[in-house]
Amino acid sequence: MDRIRAFLVAVAIVTLCGVPQVRSTASDHRYKAGDEVPLYANKVGPYHNPSETYRYFDFPFCSSAPVKEKKEALGEVLNGDRLVSAPYKLEFLTEKEAEIACKRKLTRDEVVKFRKAVSKDYYFQMYYDDLPIWGFLGKVEKEGKTDPADYKYYLFKHLVFEIHHNKDRVIEVTVRSDPNALVDLTEDEPVDVDFMYTVKWKETNTPFEKRMDKYSLSSSLPHHLEIHWFSIINSCVTVLLLTGFLATILMRVLKNDFIKYAHDEESADDQEESGWKYIHGDVFRYPKHKSLFAAALGSGTQLFTLTSFIFILALVGVFYPYNRGALFTALVVIYALTSGIAGYTAASFYCQLEGTNWVRNLLLTGSLFCGPLFVTFCFLNTVAIAYKATAALPFGTIVVIFLIWALVTSPLLVLGGIAGKNSKAEFQAPCRTTKYPREIPPLPWYRKTIPQMAMAGFLPFSAIYIELYYIFASVWGHRIYTIYSILFIVFIILLIVTAFITVALTYFQLAAEDHEWWWRSFLCGGSTGLFIYAYCLYYYNARSDMSGFMQTSFFFGYMACICYGFFLLLGAIGFRASLLFVRHIYRSIKCE
C-alpha cells in the first residue's frame, strides 16, 4: 500500500504542477506596435454579492464585431468565468481618444435593467493580456436628496484605459470611467448611447515577471501583516498554554495514577476499584456503528491529505493572484486522486474492527462527503439556473465532473478498499476486552457529549478566528489572500490544539470511568467545524453586505459543505491523537 500511496502522491504532484499553471498564451506574448492584444469581457454582478455574476452581454451592451467566446478550462468554468471578446480594440502602443466602440438605442426595458444594475453597484470585469481590470457600470447621485424617488441614475459610457508597457510586454492596465460622459437612466424612456473608449500608453521599468506583484501586495501591507502576526502570536500562546497544561497537570496526574495503581497491585484485592485503569476491559471495545465510524475516519483522512496537497501547491506559488480556476482545478484533481487513501483507511480500519461487509463500508465512505456535497450542488445549481447566473455549470462541465468521478475517483476508492481489506492488519489493543461491558456510572451534565464538544471546539476556534476574517473576505469578497505561509502555520496550530484538547478530554472521560470514548473523541475533534459555521452567521450579518436569495443560499450552502469537511478532517485528527494516547497509558500499566 505504501507503493500505491507514493504513486498517487507522485501523480498528483505531476498533474497539478502542470494543470493550474497553464496560462493563456497571451500572457507570454511579445507584441509589436499595432498588434491586437486580446481583451476579454468576463462578467458583471453586484459588488457585494460575489456569487451572483452574469455574462457580460446578458446586459444590453453592444459590440461592433461578432462576439466570440473564449474556450475555458474546468477550473475557470467552476469559478464562474465566461470570457467573450470585448467591444473595445486595444492595439499595442496605439493611443485612441474618445473613439466610438458601438452605438445602441436602449429600449425602456433595457433602461430599467441598467438602472437596477446601477442601483445595486454592479461592476464589470475584463482581462487584458490575462491582467484583470474592473469598473462600475454607473453611479447614483444622492447628494442633497433624502427621498430615494429623487435619486438620479447614470450609466458610464466612456471608459479610459491606461496601459503600462515595458518595451514589448504589457505590464499593467487600469480602467476608469469618464465622470463627464454620462447617460441619464432616471426616466423609463428609450435613450441613445454611444459607447466610447480612450486608450493611453505609458512606459515602465517593471519587469514582466513582477507584473502580478501589485495584486499580492494588498494582503502584505504592514497594517495587515501586523494583524496576521498578532493572530499567529495569539494562536501560539494558546498552544503553549495548552501544551503546558498537558505537560504539567495531565502528566503529573498520570504519574500519580501509575504510582497509585502499582501500589494497589501490592495491597489487598478487596478495595473498591475506581479510575481509568479499572475500565481496561472495556476501553478497547469496538464502537457502535463501526462501519460509519470507519467511513468517517477514511473521509477525514482523505480531506486531510487534500488540504496538505493544497498547501504544498500554494507554498510553491501555483495559486498566484488571478490564476483563473487554478484552485478549483486542484481541488477536483487532488480529491479524485486521493480517493484511494479514503478507501484504504476506511476498509483497513473497518476490518480491524472485525467488520464483515466491507463493500457496504466502501459505498458509505464514497458517499459520506460526496453525498451531501452533491445534494447541495444540485440545489444551488438549480438556483443559479433560475437566476441565469454564471455560477450555473454548463451540461458539458457536469459531464466532465461525472466522468472524473466515474473513471478516477470511484476506481481508486475501490482499489484502495481492496488494498485495505487485504492488508490483514490487526487492531493493536494492549488490553484484553471483557465479554460484557461495564456499566457507566451516572455523569454530571458537563461531561455529556454536547458540553464536551463545545469545550473542545472553542479553543481551536479561538486560535484561528482572526485569520478566518481574511479568508472569508477573500472567498466571499474582493480581497486578495496571498500569505499562504501564515495560513499554513495557523493550520498546523489548529491541528495541534485540536489533538491536545481532544486528548485531555479523553483522559477526563476515562477517569470518570466512561469507556465510550471512540465517537466522543471524533465528535470533540470535529466540533471546531460547527464553530466555524456559527462564525458564518456572524460574518454574513455583521461583516458583509451580501443579500438576496441566491447569494444567501450559495454562502450558507457551500460553507455548510466546507465546515462539514473540516468536521470530518479534524474529527479524524482528534481520534487518531486520542487513540495514540489511550494505547500509551494502557501499555504503561499491568492490565491483567
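Data block above holds the structure.
Residues numbered from 1 in each chain as written. Predicted model: local features only at pLDDT ≥ 70, side-chain atom pairs only at ≥ 80, totals over all residues. Heavy atoms only, no water.

Q: Just checking my understanding: could you explain the overall build of the chain for this structure?
A: Counting its secondary structure elements, the chain contains 16 helices and 12 strands. Taking all contacts inside the chain whose residues are at least 6 apart in sequence as the whole, residues at least 24 apart take part in 81%. Per element, the accessible surface of the chain, about 28,400 Å² overall, is 61% carbon and sulfur. (Helix = DSSP H or I, 4+ residues; strand = E, 2+ residues; numbered from the N terminus. Contact = heavy atoms within 4.5 Å. Areas by Shrake-Rupley, 256 points an atom, 1.4 Å probe, with all protein chains shown as cover.)

Q: Help me out: how do you make sense of helix α15 (residues 528-543) in this one?
A: The periodicity of an α-helix, 3.6 residues per turn, causes residues three or four places apart in sequence to face the same way. For α15, the full list of buried residues reads Thr-528, Gly-529, Ile-532, Tyr-535, Cys-536, Tyr-539 and Tyr-540. Projected down its long axis, α15 carries its buried residues within an arc of 140°, all on one side. Check the buried side of α15 and you find it contacts α12 (449-475), α13 (484-511), α14 (518-526) and α16 (549-587). (Buried < 20%, exposed > 50% of the residue type's maximum accessible area, 1.4 Å probe, protein only. Arc of directions from axis to C-beta.)

Q: Would you take a moment to explain the packing of aromatic side chains for this structure?
A: We describe a pair of aromatic rings using the distance from one ring centre to the other and the angle between the two ring planes. One pass over the full model with this rule turns up 59 aromatic pairs. With 6.3 Å between their ring centres and 70° between their planes, Phe-472 and Phe-555 make a pair best called edge-to-face. Of this pair, Phe-472 sits in helix α12 while Phe-555 is found in helix α16, placing the two residues 83 residues apart along the sequence. Accessibility classification places Phe-472 together with Phe-555 in one group, the buried group. Of note, Lys-113 hangs over the ring of Phe-59, and the distance from its end group to the ring centre comes to 5.1 Å. (Phe/Tyr/Trp six-rings, centres within 6.5 Å; stacked < 30°, edge-to-face > 60°. Lys NZ or Arg CZ within 6 Å of the ring centre and 35° of its normal.)

Q: Help me out: how do you make sense of the state of the cysteines in this one?
A: Cysteine pairs can be linked by a disulfide, which is a covalent bond between their two sulfur atoms. Inspection of the entire model under this criterion finds one disulfide. In this model, Cys-62 is linked to Cys-102 through a disulfide, with the two sulfur atoms separated by 1.8 Å. Handedness of the Cys-62-Cys-102 disulfide follows from its S-S torsion of about 85°: it is right-handed. Linking Cys-62 in the loop between β2 (54-55) and α2 (74-78) with Cys-102 in strand β4 (residues 96-106), this pair joins segments that are 40 residues apart in sequence. Among the residues examined, Cys-62 registers a relative accessible area of 9% and is labelled buried. (Disulfide = S-S within 2.5 Å.)

Q: I would appreciate a short explanation of the nonpolar core in the present structure.
A: The tendency in soluble globular proteins is for nonpolar side chains to be buried as a group. Grouped together as the largest cluster of nonpolar side chains are 88 residues, with contacts concentrated most on Phe-319, Phe-349, Phe-472, Leu-510, Phe-555, Phe-575 and Tyr-586. Here this core gets 17 residues from one element, more than from any other, and that element is α16. Taken together, domain 2 (218-258 + 446-591) and domain 3 (289-432) each give at least three residues to this core, which thus spans both. If we ignore the near neighbours within four places in the chain, the residues touching Phe-472 are Gly-477, Tyr-535, Cys-536, Tyr-539, Phe-555 and Met-559. If you look at the next biggest cluster of nonpolar residues, it comprises 56 residues, including Phe-59, Val-193, Ala-392 and Ile-480. (Core = buried A, V, L, I, M, F, W, Y, C linked by side-chain atoms within 4.5 Å. Domains from an automatic or database assignment.)

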